[in-house]
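Now for the letters of each chain:
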Amino acid sequence: MYFSGVYTALVTPFAMDGSVDFEKLAELVEFNLAGGVAGLVPVGTTGESPTLRTDEHLQVIKAVVEAAAGRCKIVAGTGANSTAEAVELTEAAKAFGIDGTLQVTPYYNKPNNSGLIQHFSAVADLGIPVVLYNVPGRSAREIPLEVVAELAKHEHIVSIKEAAGSVQRVTDIKKLCDIEVLSGDDSLALPMIKAGALGVISVASNLIPAEVSALVAAALDGNYDEAQALHDKFAKTFDDLFIDTNPIPIKAAMAMKGLINEVYRLPMCSTTDENKAALRATLEHAGIL
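If you're wondering where the values come from, they're calculated on a predicted model, not measured in any experiment.

The rules behind these values
- All residue numbers here refer to positions counted from 1 along the written sequence of the relevant chain.
- For this predicted model, a pLDDT threshold of at least 70 governs which residues receive local features, and a threshold of 80 or more governs which side-chain atom pairs are given and counted, while totals over whole chains, interfaces and linings are taken from all residues.
- Working from all heavy atoms in the structure, the side-chain values ignore hydrogens and water.
- For every residue, the accessible area (1.4 Å probe, protein chains only) is compared with the maximum for its type, and the residue is labelled buried under 20%, exposed over 50%, or partly exposed between those bounds.
- Strands here are runs of E lasting at least two residues and helices are runs of H or I lasting at least four, both read from the DSSP assignment and numbered beginning at the N terminus.
- The arc in question is the one spanned by the directions pointing from the helix axis to the C-beta atoms.
- A 3.5 Å cut-off defines polar contacts: any pair of N or O atoms within that distance qualifies, except that in protein one atom must be a possible hydrogen donor and the other a possible acceptor, and neighbouring residues in sequence count only when both atoms are side-chain atoms.
- Geometry of aromatic contacts follows a simple scheme: Phe, Tyr and Trp rings, the Trp one being its six-membered ring, pair when their centres are within 6.5 Å, and the pair is stacked under 30 degrees between planes, edge-to-face over 60, tilted otherwise.
- Over a ring means this: the NZ of a Lys or the CZ of an Arg is within 6 Å of the ring centre and within 35 degrees of the ring normal.
- Here the axes come from fitting lines to C-alpha atoms, over the contacting stretch only for helices, and the angles between their N-to-C directions go from 0 to 180 degrees.
- With respect to orientation, any angle under 35 degrees is reported as roughly parallel, any angle over 145 as roughly antiparallel, any angle of 65 to 115 as roughly perpendicular, and every other angle as oblique.
- Crossings are assigned a handedness: left-handed for a near helix turned anticlockwise from the far helix by less than a right angle, right-handed for a clockwise turn.
- Note on contacts: a residue pair is in contact if any heavy atoms of the two residues lie within 4.5 Å.
- Here, the term nonpolar core denotes a set of buried Ala, Val, Leu, Ile, Met, Phe, Trp, Tyr and Cys residues that are joined through side-chain atoms within 4.5 Å.

(A) Structural context of helix α7 (residues 167-176). When α7 is considered as a whole, its buried residues turn out to be Arg169, Val170 and Ile173. The arc enclosing the buried residues of α7, seen along the axis, measures out at 105°, which places them on a common side. Its side-chain oxygen 3.4 Å from the backbone nitrogen of glutamine 168, serine 166 forms the N-cap of α7.

In structure tokens:
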């Protein structure tokens, strides 16, 4: 297995002036490691990668690699809707010593199946383990099952993050080809693991890494009653962390817990007072605050 367990889709903390807060970033790495996560995924969707400059994007990856110091795996978000850019970012991140790369479906330009295969293969040809990232809600198109099966033949395309909200896709993928699957949704981690997934790339583990790690470990061990109890305890939390566009709620929740400043970069901005009140109530009920 290349990637199993909990991989935190790490937020990018900003200082009050909007700059990347690298001191706080290192603290978040330690917090996650103390919670027992298997890995970290910097500068993905939750890391607000669209609003980071290229130099910042790479600096965050390097900082996370250095802070982790080999204590967990690092799967860096280095995808783009330009193949040349994805290759360039991945090459640079590879030099930092990452363990894998998360490659989002090229967004906005909506490539056809052949384009998808050529795009992902070009990145995989760099020789680093690739996790495909199927997120049609963000990218405007799904990675079709037949494309996943074709890409799975590439020795360096080893896993797929399924964030389309479909447990059935996990079953279908496992029937078609030999590729690892990671849930892209905390709320679906348990049913997806039951269907053959090996873990989750988690938003909630930014806030409760030990609890998400315990849930996933129990599920992977087949202790489904224990996993279900943890799922039930935090189900409302998983849902409310998407009460607004990710990563707005998770950063708000982390700020409530004192982990970060609640600072975004436009066009991302704070959620409503009503949403914050609902989120706080959920976190308090779950014993997180």
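Don't stop here, the text continues.
(B) Just the packing of aromatic side chains, in detail. The final tally for this structure, using the stated rule, is two aromatic pairs. Ring plane angle 45° and centroid distance 6.2 Å describe the contact between tyrosine 2 and phenylalanine 3, whose orientation is recorded as tilted. The exposure class of phenylalanine 3 is buried, given its relative accessible area of 1%. Relative to tyrosine 7, the ring of phenylalanine 3 lies with its centre 5.8 Å away and its plane at 90°, an arrangement referred to as edge-to-face. We classify tyrosine 7 as buried; its relative accessible area is 2%. Its guanidinium or amino end placed over the ring of tyrosine 224, lysine 194 lies 5.2 Å from that ring's centre, counting from NZ or CZ.

(C) Seen up close, the packing of helix α11 (residues 248-256) against helix α12 (residues 273-285). One can describe the packing of α11 onto α12 by two numbers: an axis separation of 10 Å at closest approach and a directional angle of 60°. Between α11 and α12, the angle falls in the class oblique. Crossing of α11 against α12: the hand is right-handed. Together, Pro249, Ala252, Ala253 and Met256 of α11 and Lys276, Leu279, Arg280 and Leu283 of α12 make up the contact between the two elements.

(D) Here's a closer look at the nonpolar core. With 87 residues, the main nonpolar core has Leu132, Ile179 and Leu207 as its most contacted residues. If you tally residues by element for this core, the top one is helix α2 (residues 54-68), at eight residues. Beyond its immediate stretch of four places on either side in the chain, leucine 132 contacts Leu102, Gln103, Phe120, Ile143, Leu151, Ile157, Ser159, Ile160, Lys161 and Ile179. Val75, Val104, Val131 and Val135 belong to the second-largest nonpolar core, a separate cluster that totals 14 residues.

(E) Structural detail: unusual backbone geometry. A cis amide bond links asparagine 246 with the next residue in sequence, proline 247, at an omega value of 10°. Inspection of the secondary structure assignment puts proline 247 in the loop between α10 (224-240) and α11. Look at the link from leucine 266 to proline 267: it is a cis peptide, with omega at 15°. By secondary structure assignment, the location of proline 267 is in the loop between α11 and α12. Although it is not a glycine, valine 43 sits at a positive phi angle of roughly 50°. Along the chain, valine 43 turns up in the loop between β2 (39-41) and α2. You will see that alanine 140, though not glycine, has its phi angle at about 75°, which is positive. Here alanine 140 lies in the loop between α5 (136-139) and α6 (145-151). In this structure alanine 140 comes out as partly exposed when scored by relative accessible area, which is 46%.

Fair warning: the whole summary comes from geometry, so function is off the table for now.
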